[in-house]
Amino acid sequence: MSLPVRRLRILRGLGGQRTIASRLVTAASPVTAEYARLDNLRVRIETHHQYSAIKDDIEGLVLAFTTRTAPTSGVALDVGCGTGEFLQRASNLLPELELHACDTSPEAVAASARIAGVIAQFGDALRLPYSSNSFDVVWLRHVIYHLSNPRLAVHELARVARPGGTVILSTNCAGSLPQITTVIESALLSVGLPAVSTADECDDKTALSLMEESFANIQCERYDNSLEFNHLEPIVRYAVASLGVYGVPPTRAAWKSVVTVLCQNIADKFAANGGRWSDPKSVVLIAGRLIQ
Ligand SMILES: C[S@@+](CC[C@H](N)C(=O)[O-])C[C@H]1O[C@@H](n2cnc3c(N)ncnc32)[C@H](O)[C@@H]1O
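What comes next is a walk through the structure. Being a predicted model, the structure only gives us computed values, none of them experimental. (Residues numbered from 1 in each chain as written. Predicted model: local features only at pLDDT ≥ 70, side-chain atom pairs only at ≥ 80, totals over all residues.)

### Remarks on the sheet that holds strand E10 (residues 216–229)
The condition that has to hold: Pairing between two strands is assigned when DSSP locates at least 2 bridges connecting them. Secondary structure is summarised from DSSP: a helix means a run of H or I of at least four residues, a strand means a run of E of at least two, and numbering begins at the N terminus for each. Angular values range over 0 to 180 degrees, each being the angle between N-to-C directions of two axes fitted as lines to C-alpha atoms, with helices fitted over their stretch in contact.
An order of E7-E6-E5-E8-E9-E11-E10 is seen for the 7 strands of this open sheet, with the pairing classed as mixed. Edge strands, defined here as strands with exactly one partner in the open sheet, are strand E7 (118–122) and E10. Across this sheet, the average inter-strand angle for adjacent strands is 15°, counted without regard to direction. Where E10 and strand E11 (residues 277–289) come together, 12 bridges link them in antiparallel fashion. Looking at E11, one finds that Ser-226 is bridged to Pro-280.

### Concerning the packing of helix H3 (residues 58–69) against helix H4 (residues 85–93)
So the rule is basically this: What sets the label is the angle itself: under 35 degrees gives roughly parallel, over 145 gives roughly antiparallel, 65 to 115 gives roughly perpendicular, and the rest give oblique. For any pair of crossing helices, the crossing counts as left-handed if the nearer helix is rotated counterclockwise from the farther one by less than a right angle, and right-handed if it is rotated clockwise. We call two residues in contact when their backbone-placed C-beta atoms lie within 7 Å. Note that Gly is not counted as nonpolar here; it falls among the polar residues with everything else outside the nonpolar set of Ala, Val, Leu, Ile, Met, Phe, Trp, Tyr, Cys and Pro and the charged set of Asp, Glu, Lys and Arg.
For the pair H3 and H4, interaxial distance at closest approach is 10 Å and the crossing angle is 40°. The angle between the axes of H3 and H4 places the two elements in the oblique class. Note on packing geometry: the crossing formed by H3 with H4 is right-handed. Across from Glu-59, Val-62 and Leu-63 in H3, the residues of H4 making contact are Glu-85, Phe-86, Arg-89, Ala-90 and Leu-93. A class-by-class count of the residues in the contact of H3 with H4 yields 5 nonpolar, no polar and 3 charged.

### Quick look at the nonpolar core
Rule in force here: Nonpolar cores are identified as sets of buried Ala, Val, Leu, Ile, Met, Phe, Trp, Tyr and Cys residues joined via C-beta atoms within 7 Å. Think of it as a crowd count around each C-beta: if 20 or more other C-beta atoms lie within 10 Å the residue is buried, if 12 or fewer it is exposed, and in between it is partly exposed, with C-beta placed from the backbone throughout.
Val-79, Val-138, Leu-140, Ile-144 and Ile-168 are the most contacted members of the largest nonpolar core, which has 52 residues in total. Sort the elements by how many residues they give to this core and strand E8 (residues 135–141) lands first, with 5 residues. Setting aside residues up to four positions removed in sequence, Val-138 forms contacts with Leu-77, Val-79, Leu-157, Val-160, Ala-161, Gly-165 and Val-167. Ile-235, Tyr-238, Leu-243 and Val-245 belong to the second-largest nonpolar core, a separate cluster that totals 22 residues.

### A word on the environment of Ser-209
Looking at where Ser-209 falls in the secondary structure, it is placed in helix H8 (residues 204–214). The sequence separation of Ser-209 and Arg-151 amounts to 58 residues, and the corresponding C-alpha distance is 9.7 Å.

### Side note on the site of the ligand
What counts is decided by this rule: Whether a residue is near a molecule or strand depends on its C-beta atom, placed from the backbone, lying within 6 Å of it.
Around the ligand sit 19 residues, and of these Tyr-35, Gly-80, Gly-82, Ser-105 and Ala-125 come closest. Its residues placed into classes, the shell around the ligand shows 10 nonpolar, 6 polar and 3 charged.

### Comments concerning H3
The condition is simple: Between the first and last residue of a helix there are one fewer steps than residues, each counted as 1.5 Å, and that sum is the expected span. Read the arc as the range of directions from the helix axis to the C-beta atoms.
A rise of 1.5 Å per residue sets the reference length of H3, with its 12 residues, at 16 Å; its end C-alpha atoms lie 16 Å apart and thus fit the reference within 8%. Those residues of H3 that sit buried are Ile-58, Val-62, Phe-65, Thr-66 and Thr-69. Across the axial projection of H3, the buried residues extend over an arc of 105°, all falling on one side. Seen from the open side of H3, the exposed residues pointing more than 90 degrees away from its buried face are Thr-67 and Arg-68. Where the residues of H3 are buried, they touch H4, E8, strand E9 (161–172), E10 and E11.

### Some words on the pairing of E8
Among the 7 residues in E8, 7 count as buried, and that is most of the element. Bridge count between E8 and E9: 6 bridges; the pairing is parallel. Across the sheet, the residue bridging to Val-138 is Val-167, located in E9.

Following this line, the structure appears as C-alpha cells:
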C-alpha cells in the first residue's frame, strides 16, 4: 500500500546545535497515534491547570476572547476538538451558537458527540468535511502546530467560514517550556533517537502571518505564564505524557530507556535548581474576520 509521506523539519539538537532529522513518516503516524487515546492530553491539560503560576484556563480565555471578537449566535465549528471540555463550556456560555466539532481522533469525536447539542464527526483540518460558507465562528485551538501544512489549514478555515464570520486560533508561543523541552530532547538524543517534536510545525509568528493573509480585523492577545513545580512527580508525569508528541509512545521499544534517562535528567536538573522548577510559557489567541 502506498502511504502519504512528509519530510520532518530540521530541529534543534543539544547545546543549540542544529541537527538534520530528515526522515520520512507517514501522514497517519505520530500525531494520530498520540491522540488515538486522550489520556496523555488529559495529563498535560491537568498539569497546566494545577501547576501554573497564574491560573491557567485557556478554554476560559478563548471563550472570553470569542465573546469580544466573534458573533455569539449562528453556527460554530471547533476543529481538533480534543476532550470536548471547551464545547461543554461553550454550550453553557454561548447557547445561541449551534456547535459542531471535528477531529482526527475517534476518541475526541466520541467525547464531543456525548455533549448535548454538539454535532461531532471525524474530520481532518487539512480537508474539512464541510461545505463552504457554513460557519459564523470557527475555532482552531492548539492544533496548528501539529499540521503538516498550516497554510492549507488556514485556507480551509477561511473556506468553511461565512463572510462576516470569525476564525479564532490559539497556539503556544515559540520557546515555551524550555526546561522540559531540553530534558526530553536530551533523553531522546542520548538513546539515539532524533529530538523531533510533532508539535513544531508552526510557531505563533507564522500562525499570525497566516491569519493575516486570509482575514481582516486581526486581533491578537498574548498571555505569559509559567509552570512551577516544587516536587518531582508532576514534572516526570508531564514529561512522560509528552513523549508521544515526539513519536515515542509506550508501545515503542525505546520508550522504557527514554523514560529512565528522562527521570534521571529531571531529577538532576531539579536538584541543581535547589528543588524548584520554573518553566516559562506563553500562548497567543488570534481572531480574524472573513470579508468577501
Ligand atoms: C493538543 S490537542 C488540542 C485539543 C483541543 N483543541 C484543546 O485545545 O484542548 C490537538 C488535537 O488536534 C487533533 N488533531 C491533530 N491533527 C489533526 C488534524 N489533521 N485534523 C483535525 N484534528 C487534528 C488531535 O487529535 C487532538 O485532539
